[in-house]
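Breakdown of the fold
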Amino acid sequence: MTPSLHQSPGLRRTMSAQDLAGDGRPPICFEPVEIVSVSQPRPAAAAVCTLSAFGAQVEPFLTGYLARWTPYKESWNYEDGCIFKGCLDLFQATGRTDLFRFVERAVSDRIAADGGIRGYDPDEFNIDNINPGKVLFPLFTATGDGRYRAAMDRQRAQLDRHPRTRSGNFWHKAIYPWQVWLDGLYMAQPFQVSYARLTGEAARLADVLAQFAVVRQVLRDPASGLYVHGWDERGAERWSDPQTGRSPHVWARAMGWFAMAIVDCLEPWPGERMDGLEPLADLLVEVAAALETVRSPAGLWWQVATHGGATGNYEESSASLMIAYALLKGTRLGVLAPRYATLGQTAVQAVIDRHLRADALGGICGVAGLGNTPYRDGSYDYYVSERVVANDPKGVGALFMALAEAVQGV
């Protein structure tokens, strides 16, 4: 029997679009839409043919990468979570049960009988470590294995104790106190939404909307409509603006994490409408429009998004794939206008044509952050100086996710 990744219906509306605006301005115009459940997996026989439509190298890369795969770290980590999520998305789009089994084996190996997760320390208070927990929901639904349900509770318990800013948002990590980074929205909020839907916790869903509302208020650059990488509530970091607390630049992968966070929170369960999440649809419409204005001539996104063509800047693969995924999925869910699917398809194809070989996906910024040692000052020169690598799971996972959305339009 083919596993099903569908889950159960959830909650009612708890906040309005005005709540999301959060700054006294009128909300973005939003026409209510109905989100329908994702389609059942396609027959596996069509999978190779469908993926090959994007390039002869796609299928060899997928199978070769997974055959060579080893955990990114011994600890429970967000990078592996990107690969797991991408594989489950591709399973859902193509019906290829080998992808489901890959994830099931990799995750099951880490989960003890009582739900303990090998390599996971909740007292580290690292928001990144919630990301792999997202796949526990579909694995539990598909297998009925109670270990996955118990492991969800362990991750939820971290969030219930996780330190917060005075404005109510999760700290990015205990080592980055009072700071909110766009990355963290992707790591934690879709997990929160899935947990709220599973348990019926309206307060948890309201918390998600409230955290997005704060981020829109404090991280959005009014001039571009895009969002800077981070915010320090205290304004104590050297990278933070003394008046706003914001970091100085729009890092494209941070925008990719943010856009994916929104669409993954909007992903419906069977039979569910968008009840309670309409404000996030407003936000996605606004973010997509801003991202459209900073595309490169090839339809990709620059490492420093608002400085296209500047010396040292480059079209970054992982950001482009993340944004493509969000645009394609947002269109499939009925939130974005159909033309955004075209933008997403163009970006996926451009990355494949320019950066994908049968054995490597290139053009990926290895890592970028703020603060710490050596100090990362968030400057333009900093972002374009970070190493560009191949086959980093942040890019590969995004490729798998974007392909899963793109094949549904082939």
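Summarised in this report is the structure supplied together with it. (Residues numbered from 1 in each chain as written. Predicted model: local features only at pLDDT ≥ 70, side-chain atom pairs only at ≥ 80, totals over all residues. Heavy atoms only, no water.)

Observations concerning helix α10 (residues 252-266)
- Look at α10: 21 Å from first C-alpha to last across 15 residues, which is about the 21 Å you get at 1.5 Å a residue.
- Of all 15 residues that make up α10, 15 are buried, and the element is covered over most of its length. (Helix = DSSP H or I, 4+ residues; strand = E, 2+ residues; numbered from the N terminus. Expected span 1.5 Å × (residues − 1). Buried < 20%, exposed > 50% of the residue type's maximum accessible area, 1.4 Å probe, protein only.)

Digging into the packing of aromatic side chains
- In this structure the tally under the stated criterion is 15 aromatic pairs.
- Arranged with centres 6.0 Å apart and planes meeting at 35 degrees, the rings of Phe 212 and Phe 258 form a pair that is tilted. Here Phe 258 lies in helix α10 and Phe 212 lies in helix α9 (residues 202-219), a separation of 46 residues in the sequence.
- Residue Phe 212 is classed as buried on the basis of its relative accessible area, which comes to 0%.
- Among the aromatic residues, ring-to-ring pairing joins Phe 61, Tyr 65 and Phe 400 into one connected group.
- The lysine or arginine in question, Arg 166, covers the ring of Trp 178, its NZ or CZ lying 5.2 Å from the ring centre.
- Note that Arg 339 overlies the ring of Tyr 340, its terminal NZ or CZ placed 4.4 Å from the centroid. (Phe/Tyr/Trp six-rings, centres within 6.5 Å; stacked < 30°, edge-to-face > 60°. Lys NZ or Arg CZ within 6 Å of the ring centre and 35° of its normal.)

Re the environment of Trp 181
- Position of Trp 181 relative to the elements: it lies in strand β1 (residues 179-181).
- What makes Trp 181 buried here is its relative accessible area of 4%.
- Separated by eleven residues in sequence, Trp 181 and Phe 170 place their C-alpha atoms 9.5 Å apart.
- Discounting chain neighbours no more than four positions away, the residues touching Trp 181 are His 172, Tyr 176, His 229, Gly 230, Trp 239, Gly 369, Leu 370 and Arg 376.
- A distance of 3.1 Å separates polar atoms of two side chains, one belonging to Trp 181 and the other to Gln 179. (Contact = heavy atoms within 4.5 Å. Polar contact = N/O pair within 3.5 Å; in protein donor to acceptor, adjacent residues only side chain to side chain.)

Concerning the nonpolar core
- One finds Val 107, Phe 212, Phe 258 and Phe 400 to be the most contacted residues of the largest nonpolar core, which totals 131 residues.
- In contact with Phe 258, not counting residues within four places along its chain, are Leu 182, Leu 185, Phe 212, Val 215, Tyr 227, Leu 283 and Val 287. (Core = buried A, V, L, I, M, F, W, Y, C linked by side-chain atoms within 4.5 Å.)

A few points about unusual backbone geometry
- With omega at -5 degrees, the peptide bond leading from Thr 373 into Pro 374 counts as cis.
- With respect to the helices and strands, Pro 374 occurs in the loop between β5 (364-365) and α14 (380-385).
- The phi angle at Asn 372 is positive, at roughly 70 degrees, despite the residue not being glycine.
- Judged by its relative accessible area of 37%, Asn 372 is partly exposed.
- In this model, Asn 391 sits at a positive phi of 65 degrees, which is unusual for a non-glycine residue.
- Among the secondary structure elements, Asn 391 is positioned in the loop between β6 (388-389) and α15 (393-407).

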